[in-house]
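# A closer look at the structure
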Amino acid sequence: MQIKSPKYIYDFFNGVIQGENVKHYKKLYKEIDFIYKTRDNQLSPDTVMYEVYSFNEGGSNILLWGLTVIYPITINGECNMTRGHFHEDREEPEIYFGCSGEGLLLYLDSQGKIFAEKVFKGSLHYIHGNYAHRLVNTGDDTLRVGACWREAAGHDYKSIDEKPFPNRVYKKDGKIDIA
Ligand SMILES: [Fe+2]
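Residues numbered from 1 in each chain as written. Predicted model: local features only at pLDDT ≥ 70, side-chain atom pairs only at ≥ 80, totals over all residues. Heavy atoms only, no water.

## Here's the deal with the UniProt feature "domain: Glucose-6-phosphate isomerase prokaryote" (unreviewed entry) in the protein
Our working definition: UniProt positions are given in the numbering used here, feature names are shortened, and annotations may be inferred rather than shown by experiment. Segments assigned H or I by DSSP are reported as helices when at least four residues long, segments assigned E as strands when at least two residues long, and all are numbered from the N terminus.
Residues annotated by UniProt as "domain: Glucose-6-phosphate isomerase prokaryote" (unreviewed entry) correspond here to residues 46-163. Helix makes up 4% of residues 46-163 and strand 48%. Its end C-alpha atoms lie 27 Å apart.

## A few points about the coordination of the iron ion
Operational definition: For Na, K and Ca the donor cutoff is 3.2 Å, while for all other metals N, O and S atoms count as donors only within 2.8 Å; water does not appear among the atoms, so some sites may look incomplete. Irregular is the label for any site that misses the other tests, which are tetrahedral for four donors with all angles between 85 and 135 degrees, and square planar for four donors or octahedral for six when opposite donors exceed 155 degrees and the remaining angles lie between 65 and 115. Under the scheme applied here, a residue whose accessible area is under 20% of the maximum for its type counts as buried, over 50% as exposed, and between as partly exposed, the area being computed with a 1.4 Å probe on protein chains only.
Around the iron ion, the protein contributes the donor atoms His85 (NE2), His87 (NE2), Glu94 (OE) and His133 (NE2), which lie 2.0 to 2.3 Å from the metal centre. Angles of 83 to 162° at the metal separate the four donor atoms of the iron ion, which places the site in the irregular class. Classification of His87 as buried rests on a relative accessible area of 1%.

## Section: the environment of Ile32
Where we set the bar: What makes two residues a contact is simply this: any of their non-hydrogen atoms within 4.5 Å.
Its place among the elements puts Ile32 in helix 1 (residues 29-32). Since its relative accessible area comes to 1%, Ile32 is described here as buried. Distance from Ile32 to Met81, taken between C-alpha atoms, is 9.8 Å for residues 49 residues apart in sequence. Once residues within four sequence positions are removed from consideration, Ile32 is found in contact with Lys27, Met49, Tyr50 and Met81.

## Comments concerning the layout of surface pockets
To find leftover empty space, one rolls a probe the size of a water molecule over the atoms. Our working definition: Of the two site types, the cavity is a set of points on a 1 Å grid over the protein atoms alone where a 1.4 Å probe fits but cannot get out, and the pocket is an open set with protein on both sides within 12 Å along at least five of seven lines, each lined by residues with an atom within 4 Å of a point. Grid points are joined across faces, edges and corners, and a volume is the space filled by probe spheres set on the points. Any residue that is not Ala, Val, Leu, Ile, Met, Phe, Trp, Tyr, Cys, Pro, Asp, Glu, Lys or Arg is counted as polar, Gly included; the first ten are nonpolar and the last four charged.
Taken as a whole, the largest pocket spans an internal volume of roughly 540 Å³. What lines the largest pocket is a set of 29 residues, among which Tyr25, Val52, Trp149, His155 and Tyr157 lie closest to the centre. Elements with a minimum of two residues in the lining of the largest pocket: strand 3 (23-28), strand 4 (48-55), strand 5 (63-70), strand 8 (94-100), strand 12 (132-137) and strand 13 (143-150). Its residues placed into classes, the lining of the largest pocket shows 13 nonpolar, eleven polar and five charged.

## Description of the environment of Gly122
Topologically, Gly122 is positioned in the loop between strand 10 (114-119) and strand 11 (124-127). Residue Gly122 is classed as exposed on the basis of its relative accessible area, which comes to 52%. A sequence separation of 23 residues divides Gly122 from Cys99, and the C-alpha atoms of the two residues are 6.1 Å apart. Those residues in contact with Gly122 that sit more than four places away from it in its chain are Phe13 and Gly98.

Right, dumping it as structure tokens:
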């Protein structure tokens, strides 16, 4: 029997996903400045707000493993966050897990009902397919969150652009304020 080295390496709590099929992109401030309540003209448009890593091996039923790295930046007091999305297929769930840092996972249903769960190293989150989801970095360090989902889920950003999350997360004098 041949024993192979793994194709992918992932130091869960400190590293990023590495391997031959790993895709990686950076989300810059200028690409997502519209998701925040206000604009910060002091912040360079090329500031990296978050980065996403993922891999899959193709096939007819694709399972993805991913990592989102969200930097501790505030925009006029508003905590940095991901764009957030529904799944195109509202039957498809996803699992998130906290790797490092502190944050909130916002859940929003199609009726506009919202709630959040705390995210921290070791936290696990089952996101049912009918909830949009957004990560917010509320800490002073980088927030790193792993994810597992099927490609069949797809990403629906349009619904969030048209009907945004009703609450925003701010940090004032080190305290979290939800407005
Ligand atoms: Fe998702």
